[in-house]
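Structure at a glance
In case you want the letters, here they are:
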Amino acid sequence: MEQMDTEVVETVTGVVRLLRRAAELAWIEADQGGPRSSSQLLALGIDSAADEGSFLLPRRARLDGPTPVGHDPAELLASAEQLLRRICVVGAPPRLLGLRALVAELILEANTGAGA
Amino acid sequence: MPARDRRTVGELLADSDALSREMLLDVSAKQGPAMVRTWGQVVQSAARLWAVLPPISVAAPSGPDLMVRLRVIGDGIAHSTSASGWPGLEPMDERLLEIARNLSRAADLVERYGQDVQPTSAETRADITAARARVMHTLYVAAHGTAVALGEYANDLRNRLHLDTQRRRPVGLRPTVREIEAAEAVLSRFGVFEQVAAGYVAAHPVTASVLGEVRPTPPTTRLQSALSAWDIQVHRTLAARTDAADLVRLGRVQALIASAAAIVTEAAGEKAEIDPEMVRRLTVTLDASQVAWSRMAKRWGELTGQDSRPDPALARAASEVRAAISATACNPTGWATPDQIAGRVDLKRALKSLHLSMVGAVDLAHIAREVAATDPTLTAPARVIVMRAQGEAEIAREQALTGYEGMTWASSRQIATNQAIPLPEPARRGLVNLSNDVIVACNRAVAAAAPLDPSESALLEKSSPPASVRRPGQSRQMPRQEPAPRGRPR
C-alpha cells in the first residue's frame, strides 16, 4: 500500500468515522422500514465505503473518537466527500480517488433513492 | 499382492456412481456417523479429479466453479464435526471410502495420461461432459444417502432418549441432547450440499440418452456469480478468522438477499411466472428470514469495537452482491417495478439464483451459530458484555436456571475502560439463540421454495432429477432441521 502522510491519514480517519456514523443511521432507517426496505442498499453501500476507507489506513490508525454530529446520512456523506475533496489532489492514490467517487455516488443515492 | 487396478477413468466413474446408488438403496441409521466421518475424503477426491479434468469447452468458463462451492461446504462440515467432537474419528464408511479411492485413482490417470486432451471435437467434449456429470451425480446421490442415514440416526437417538427418560435409565447411558443436535446440524448442512449439487445434476443428467450429448448451460448471470462468490467467500473468511465485523456483514448481506428474493418473487408472480399462492407463501418466509438475519447482524454489531474491520475479501464480495442486486432489482428511487425487473433479467433464472442462495444461507447460519457457540477468540467491549450477559442471565432466571446467580462478567476497571474482554457464556447464548432463529427462518424459506426446481434445465424443460435413485417416500427436498428451542442446554 502506498505510504500516506500524517495529515492524509488523519483526514481519512475522519472520513471513516463520518461514514461509519452515516451507515449506523442508515441501518436504523432500513430496520425501521421493515423487511423489504430498499434503504438496505444505501446502508450496505455506506458500509462498503467505510470499509474501503479503513483499508486505506495503516493498521495502527485509531478509529475511535467522538461520534460525528448529525442525524442525516446524506449530510454526513456530504461532509465525508468534502474532506476527501481536500486530499484528492493530482497524484493522489487511485484507491483514494475511487473512494471519493464511491462516496459521491452514495450522496446521489441518499438524496434520490428510497432512503431520501 | 493386490491385483493392479486396470479400470479406465470411465469405468472408475461408473463404479463410483453405481456405489453411491447402491448405498442409497440400503442405507441405514447406524451408518450415519461413519458416512459423515468419511465425507471429507469423498469431496476432496472429487474436487481433485474435477480440477484435473479438461474443460468442457475451449472458451473461458462463464461463471464460478460449482465444485469450489461444494468443496467449501464439505470443508465446513469437516471443520464443524472436528470442532464439536461428533461423530469422532472411527470407523469410516467402506463404500464412501471406495468411492473416494476410485475418484483419486481417476484423478491420477487423468493427470498421467489425459493432460493433452483438448475439447476440440464434439466427441471429446461429450466425453468430458459425461465424466463431469458422473462426478457430480456421484456426489449428489452420496450426499443424499448420507442425509437419509443421518436423518434416521437422529430420529433413532431422539426416540431412544424419549424412551430412556420414561424408563428412568441412568443419564450416562442415554443419548445426549448435544449429540442429537450435532447430528441434526450436520444433517441440515448435507441438505445444503445436496441442493447445490442438484442444480448441476439436473442440467447434466446421467442417462443413456444424454451421456455423450452436449447440453450447454445458459451463461451465468452477474447475480448468480456474485451470490456464488459471496457464499464461497463467507466460508473462507469464517474458516480463517473471527471478527464480529464479518458476522455483521454476513447478516446484513443475507438480509438484503432475502429482501431481493422477495421482490423478484413478487415480480415473477406479477408476470404470471409462478403461482400467486406460491408467491404469498414464499414472501412471508423470506420476510421472516430477512428479519432474523437483521436481528443477528444487529447483535453482532453491538460487539464490534471501533478498531474492528471486516475481511477485505468479504467486504469486496459483499459490494459485488449489492451491485448485482442493485442492477437486477433497483431503480433510482428504490426497488424496481416488476416490468423493469422482467426487462433486465430472466425472472425465473434470477429467482432460482436467489433461491439457491437461500439454500446456502442455511449452511452459513450454522457456521454463524458455531462461531457464536464455540469460538474461543471472541471478544467484545466490557460494557456491552455486561449489559447483554446480565439480560441473558435474567432470562435464564425466569426459566428457573440459577447457574448465573451471583456471577459478575467484568471487573469495574474493565467496565471503566470499556476493555475488550472474552465473551462469557450467557452473552454467547444470546447470539446462539439468534442464530437458531435464523436457521429456523431459512429452513422455512427453503422448504416453501422447494417446488421451485433449483436446476437450470428445469427452467427450460420440466425434468425430474434422478428419480431412479430415490426410495419411495424419500424426498429430494431439503430436510427441515430446526435447532433446539431457546434455553436448551448446548
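These numbers were taken from a predicted model, which means no experiment stands behind them. (Residues numbered from 1 in each chain as written. Chains lettered and ligands numbered in written order. Predicted model: local features only at pLDDT ≥ 70, side-chain atom pairs only at ≥ 80, totals over all residues.)

1. Some remarks on the overall build of chain A
Along chain A, the regular secondary structure elements total 4 helices and 0 strands. Reading the secondary structure of chain A in the N-to-C direction produces α-α-α-α. Along the three orthogonal principal directions, the C-alpha set of chain A runs to about 45 × 25 × 20 Å. (Helix = DSSP H or I, 4+ residues; strand = E, 2+ residues; numbered from the N terminus.)

2. Focus on the packing of helix α2 (residues 32–52) of chain B against helix α4 (residues 94–113) of chain B
All names here are of chain B. Between α2 and α4, whose axes approach to 8 Å, the crossing angle comes to 15 degrees. The angle between α2 and α4 falls in the class roughly parallel. Every pair of crossing elements has a handedness; the one defined by α2 and α4 is left-handed. Judged by residue contacts, M35, T38, W39, Q41, V42, S45, A46, R48, L49 and V52 of α2 engage L96, L97, I99, A100, L103, S104, A106, A107, V110 and E111 from α4. Split by residue class, the contact of α2 with α4 holds 14 nonpolar, 4 polar and 2 charged. (Axes fitted to C-alpha atoms, helices over the stretch in contact; angles between N-to-C directions. Parallel < 35°, antiparallel > 145°, perpendicular 65-115°, else oblique. Left-handed = near helix turned anticlockwise from the far one by under 90°. Contact = placed C-beta atoms within 7 Å. Nonpolar A, V, L, I, M, F, W, Y, C, P; charged D, E, K, R; others polar.)

3. Topic: helix α12 (residues 347–374) of chain B
The α-helix winds at 3.6 residues per turn, so residues separated by three or four positions along the chain end up facing the same way. All names here are of chain B. An ideal rise of 1.5 Å per residue puts 40 Å on 28 residues; α12 measures up with 40 Å between its terminal C-alpha atoms. Bending of α12 peaks at approximately 25 degrees at the position of G360. α12 sits mainly inside the fold: 23 of its 28 residues count as buried. (Expected span 1.5 Å × (residues − 1). Bend = angle between axes of the 7 residues up to and from the residue. Buried ≥ 20, exposed ≤ 12 C-beta atoms within 10 Å, placed from the backbone.)

4. Thoughts on the interface of chain B and chain A
Contact residues are listed per partner, giving 26 residues for chain B and 18 residues for chain A. Of all the secondary-structure elements, those providing two or more residues to the side of chain B that touches chain A are α8 (244–270), α9 (276–302), α10 (312–329) and β2 (334–335) of chain B. With 7 residues, the top contributor of residues to the side of chain B that touches chain A is α8(B). Its residues assigned to classes, the side of chain B that touches chain A comprises 13 nonpolar, 8 polar and 5 charged.

5. Regarding the domain arrangement of chain B
All names here are of chain B. According to the domain assignment, chain B consists of domain 1 (9–203) and domain 2 (222–460). The centre of domain 1, based on its C-alpha atoms, is set 26 Å off from the matching centre of domain 2. Contact with domain 1, which involves 21 residues of that partner, is made by 24 residues of domain 2. Among the secondary structure elements, those contributing two or more residues to the side of domain 1 that touches domain 2 are α3 (66–84) and α6 (177–203). Sorting elements by how many residues they give to the side of domain 1 that touches domain 2 places α6 first, with 10 residues. Of the residues that constitute the side of domain 1 that touches domain 2, the class distribution is 11 nonpolar, 7 polar and 3 charged. (Domains from an automatic or database assignment.)

6. What about the packing of helix α7 (residues 222–240) of chain B against α10(B)?
All names here are of chain B. Put simply, α7 and α10 touch, their axes get as near as 9 Å, and they point 155 degrees apart. Comparing the axis directions of α7 and α10 gives the class roughly antiparallel. In this structure, the crossing between α7 and α10 has a hand that is left-handed. Within the contact between the two elements, α7 uses R222, L223, A226, L227, A229, W230, Q233, V234 and T237 and α10 uses A313, L314, A317, A318, E320, V321, A324, A327 and T328. In the contact of α7 with α10, the residues fall into 13 nonpolar, 3 polar and 2 charged.

7. Re the nonpolar core
Core analysis: the biggest nonpolar cluster contains 184 residues, and A:L19, A:I46, B:L150, B:A197, B:V264, B:V321 and B:C442 have the highest contact counts within it. Here this core gets 18 residues from one element, more than from any other, and that element is helix α5 (residues 122–166) of chain B. Two domains each put at least three residues into this core: domain 1 (9–203) and domain 2 (222–460) of chain B. (Core = buried A, V, L, I, M, F, W, Y, C linked by C-beta atoms within 7 Å.)

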